[in-house]
Amino acid sequence: MTIQTQPLSINEIQKAADIIKAGGLVAFPTETVYGLGANALDEAAVKKIYAAKGRPSDNPLILHVLDIDGLSSCVEAVPQTALKLIAKFCPGPITMILNKSKNVPYATTGNRDTVAVRIPAHEVARRLIELAGVPIAAPSANTSGRLSPTTAAHVLADMHGRIDAVLCGDACSVGIESTIIDLSSGLPILLRPGTITKTQIESVLGVKINQSAATLADSVAPGMKYKHYAPDAPMYIIRGEPHKVAEYINRRISESGLPAERVGILTSEESAGFYTCGHVINVGSIKNLEDVARGIYAALHRFNEAGVEIIFSESFRHTEVGLSIMNRLEKAAGNNIIDI
C-alpha cells in the first residue's frame, strides 16, 4: 500500500498507525531519513523489520517516541544528562542510548540491555507515533547495507513488495541519520556523528565527550557494525587540494575508457567548475555543510539511477557537521580513500 496524498490527512496516517498496531511494517518520513517502522514492543513485528531489510539480528534498532513520557516507558531510568539533551535538542535528530526497561524485548535491542531512543521532529512521524500509541522501532527504510532513503521514491525503489505500506511525505530536511550518544554508563560517548555536533553536546552537558572505536566495533549503537550507505557503483574519496583533486579525477576519467556520463563525480559548489567531463553532482557549498549533508544521499541515489560505473567524491573538512558527512561518505566508499 502506498499512502501518498499531499498533504497526508489524519485518516491516511491512521491507516498506517493501524498497520503498526496490527504488527505490520510501515515506511514513514522523519527529519533525518525515511524509517521502516514496527511496534517496538512486539517481538514478532520487530523480527519482520530484520527480515524485510536483510539486517543481522544483533544490529539494534532505534525506538521513536513522542515525548519524555514515551522515552521513560522504554528505559530503566532517565539520567540528568539525557534530560539536558532533551531540553535542548528534542524533538530533533539525536538518539540516546540508555539502559532498557523490561517493556522492550531483546529482539529490538540486538539482545542488549541498552536501548537507543529518539524523539523525532517530523510532524508525520510524530502523528504516526501518537496514533499508533506505541514506541515505533525504525531503522532506515532500505535493504541492509544500501543507501539510506531521503524520499518516498527511494523507499519504493528498494523495498517494494517487502513491507505493508509507505507513507509518502516530503523529502527529509536533515538528510542523514541522527547523532547517537551513549548515556548508559557514566561518561557520555559519541557513537555516531550527526548534525547535532560533539561541540554542541559538550556545551550542553558541560563535559568533554569521547568517541570510542571499541564501542563502535562492539555495535552497541544501531548501524555501526556493518557496511552502510553503499551505492551500486564502486566509490572512491579523493583527498587533497581541490584543484589537484579535480585534475586527478579528470585524468582518471580520460584514462578509464568509460563514457563520461558513466563516471559520477560528487563535488561542492566551489569546485564544480573544475571538472571537464563526467556526471557531476554539486551537493552544495562548503560554507553551508548542513546543505551538503542534506544532499549526499540524494546525490548517490541519482548516481544509481543514472547507472554510473564508478564514483569519485571530494572530501569535506573533518570538523563539526563535516565529520558527519565524511562518516557517511567513507562508509559508502568502503573506506576507499586516495590521498594526492
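Computed from a prediction, not measured in an experiment: that's the story for all the values here.

Rules and cut-offs
- Residues numbered from 1 in each chain as written.
- Predicted model: local features only at pLDDT ≥ 70, side-chain atom pairs only at ≥ 80, totals over all residues.
- Heavy atoms only, no water.
- Pairing = 2+ DSSP bridges.
- Helix = DSSP H or I, 4+ residues; strand = E, 2+ residues; numbered from the N terminus.
- Axes fitted to C-alpha atoms, helices over the stretch in contact; angles between N-to-C directions.
- Contact = heavy atoms within 4.5 Å.
- Phe/Tyr/Trp six-rings, centres within 6.5 Å; stacked < 30°, edge-to-face > 60°.
- Buried < 20%, exposed > 50% of the residue type's maximum accessible area, 1.4 Å probe, protein only.
- Lys NZ or Arg CZ within 6 Å of the ring centre and 35° of its normal.

A few words now on the sheet that holds strand 11 (residues 235-239). The 5 strands lie next to each other as 13-12-14-11-15, forming an open sheet whose pairing is parallel. Both edges of this open sheet fall to strand 13 (279-282) and strand 15 (337-339), since each of them pairs with a single strand only. For this sheet, the mean angle separating the axes of adjacent strands, direction not counted, is 20°. Sheet analysis places strand 12 (residues 263-267) next to strand 13, joined by 4 bridges and oriented parallel. For L266, the partnering residue across the bridge sits in strand 13 and is I281. Along the sheet, helix 10 (residues 289-306) makes contact with strand 11, strand 12, strand 13 and strand 14 (310-314), crossing strand 13 at roughly 160°. Packed onto the sheet, helix 11 (residues 321-332) meets strand 11, strand 12, strand 14 and strand 15 and runs at close to 130° relative to strand 11.

The next point concerns the packing of aromatic side chains. Taken as a whole, this structure holds 2 aromatic pairs when the rule is applied. Centroid distance Y229 to Y297: 5.6 Å. Interplanar angle 45°. Geometry classified as tilted. One end of the pair, Y229, is in the loop between helix 8 (213-217) and strand 11; the other, Y297, is in helix 10, and 68 residues separate them in sequence. Accessibility assignment for this pair places Y229 and Y297 in one class, buried. Their ring planes at 35° and their centres at 6.2 Å tell us that Y236 and F312 sit as a pair that is tilted. You can see Y236 sitting in strand 11 and its partner F312 sitting in strand 14, a full 76 residues away along the chain. What makes Y236 partly exposed here is its relative accessible area of 24%. When the ring centre of Y236 is taken as origin, the NZ or CZ atom of R252, which lies over that ring, is 6.0 Å away.

Fair warning: the whole summary comes from geometry, so function is off the table for now.
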